[in-house]
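# Working through the structure, step by step
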Amino acid sequence: QAIAISPDDNYAYLGNLLGRSLSLYDLKNPSSSFNGSSKTIALDGVPYSITLGPDITLALRPQGVVNSASYDTAAVVPGSLVSIFGTFPFVPSTSSTSTPWPLTLAGISVTFDGIPAPLYFVSASQLNVQVPWEIAGKTEATIAVTQSGFNSVSQKVSIASAGPGVFQYGNSQGVVVDALSGELLTSSRPGTAGLTYLTIYCTGLGLVSNQPRTGA
C-alpha cells in the first residue's frame, strides 16, 4: 500500500509499506540517490526499519496527452475528457465517486495554464481529467502534473475548438445506445433507420449551450 510520510528531518517521502519494511523515495529531491541508505522511523508509535530505494521520477510521456475516446494526440478541447500517460510513482488506482470531480485525487493534481482540472481517475501510469472550459480561446496551454504538493512536471499541448472522439468497446465498436430503451446497439441489436433515437457517448465536441461548470 502506498504511503506518504514526513519524518522529523523534514523530508517528504513516498513509498510502499509491506509488513514492517518501508521502501521510500524522496519527493522533495527526486534527483538524489538513496541506494543503500537506511533510516528508522515510527508509524503510529511502532518503529519501522526502512531502506531508501532508487530514484523514481515523475514524468509525462511525449505526446502522452490524448483524447480519452479516440486517443488522438493532435490537440485537446475545452470541456473534453483527456488521458495523460506517464510515470506517477506509487499512485494507487483511484476513481472519483461523485461530482463535482475533485481537483486533487490520491495526491495528484493537474492544471492547464494554472487552471485546476477535475480528475476522474488516477494511477501510476495514467490520469483521466477534464480539460477546463476556461481555456477556451487559447491555441496552446501548459499542462502541469503535481504529486503530493512537491514534485511537478509539465508539457505544452495544442488547444482546438473541437475534436470529437466516440468512446468504443470491443473491436472498435462505438458506444451508441437506443435513447429510449438504453440498450446498447450492436450488429445483433441494430437501430432502425427513421425510428431509433440515438445516444452517442463521445467527447471533444467543443463549446456547448447551457455550458455546465468545469467538473460538474
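These lines cover the structure that appears in this document, whether it is placed above or below. Bear in mind the structure is a predicted one, so any value in this text is a computation, not a measurement.

## Some details on the pattern of salt bridges
By the definition in use, this model includes 3 salt bridges. Salt-bridge contacts for arginine 189 lead to aspartate 178; the nearest nitrogen and oxygen are separated by 3.3 Å. You can see arginine 189 sitting in the loop between strand 18 (176–178) and strand 19 (198–200) and its partner aspartate 178 sitting in strand 18, a full 11 residues away along the chain. Among the residues examined, aspartate 178 registers a relative accessible area of 9% and is labelled buried. Close ionic contact of arginine 189 with glutamate 183 constitutes a salt bridge, the shortest N to O distance being 2.9 Å. For arginine 189, a relative accessible area of 25% corresponds to the partly exposed category. We classify glutamate 183 as partly exposed; its relative accessible area is 38%. A single salt-bridge network, built from bridges that share partners, covers Asp178, Glu183 and Arg189.

## As for the packing of aromatic side chains
Across all of its chains, the model carries 2 aromatic pairs by this definition. An angle of 50 degrees between the planes, with centres 5.9 Å apart, marks the rings of tyrosine 71 and phenylalanine 85 as tilted. Linking tyrosine 71 in the loop between strand 6 (59–67) and strand 7 (81–87) with phenylalanine 85 in strand 7, this pair joins segments that are 14 residues apart in sequence. A residue is classified by how much of its surface remains accessible, and tyrosine 71, at 45% relative accessible area, is partly exposed. Here the aromatic rings of tryptophan 101 and tyrosine 120 are separated by 5.1 Å at their centres, their planes lie at 35 degrees, and the arrangement is tilted. Placement of the pair is tryptophan 101 in the loop between strand 8 (94–95) and strand 9 (108–112) and tyrosine 120 in strand 11 (residues 119–122), with a sequence separation of 19 residues. Under the relative-accessibility criterion, tyrosine 120 is labelled partly exposed at 38%.

## A short note on the sheet that holds strand 8
Within the open sheet, the 5 strands sit side by side as 6-7-12-11-8. Their pairing is antiparallel. The open sheet has two edge strands, strand 6 and strand 8, and neither has a second partner. Pairing geometry for strand 7 and strand 12 (residues 126–130), over 5 bridges, is antiparallel. Considered in strand 12, the bridge of leucine 81 is made with glutamine 130.

The rules behind each value
- Residues numbered from 1 in each chain as written.
- Predicted model: local features only at pLDDT ≥ 70, side-chain atom pairs only at ≥ 80, totals over all residues.
- Heavy atoms only, no water.
- Salt bridge = Lys/Arg side-chain N within 4 Å of Asp/Glu carboxyl O.
- Helix = DSSP H or I, 4+ residues; strand = E, 2+ residues; numbered from the N terminus.
- Buried < 20%, exposed > 50% of the residue type's maximum accessible area, 1.4 Å probe, protein only.
- Phe/Tyr/Trp six-rings, centres within 6.5 Å; stacked < 30°, edge-to-face > 60°.
- Pairing = 2+ DSSP bridges.

Taken by themselves, the reported measurements are silent on function.
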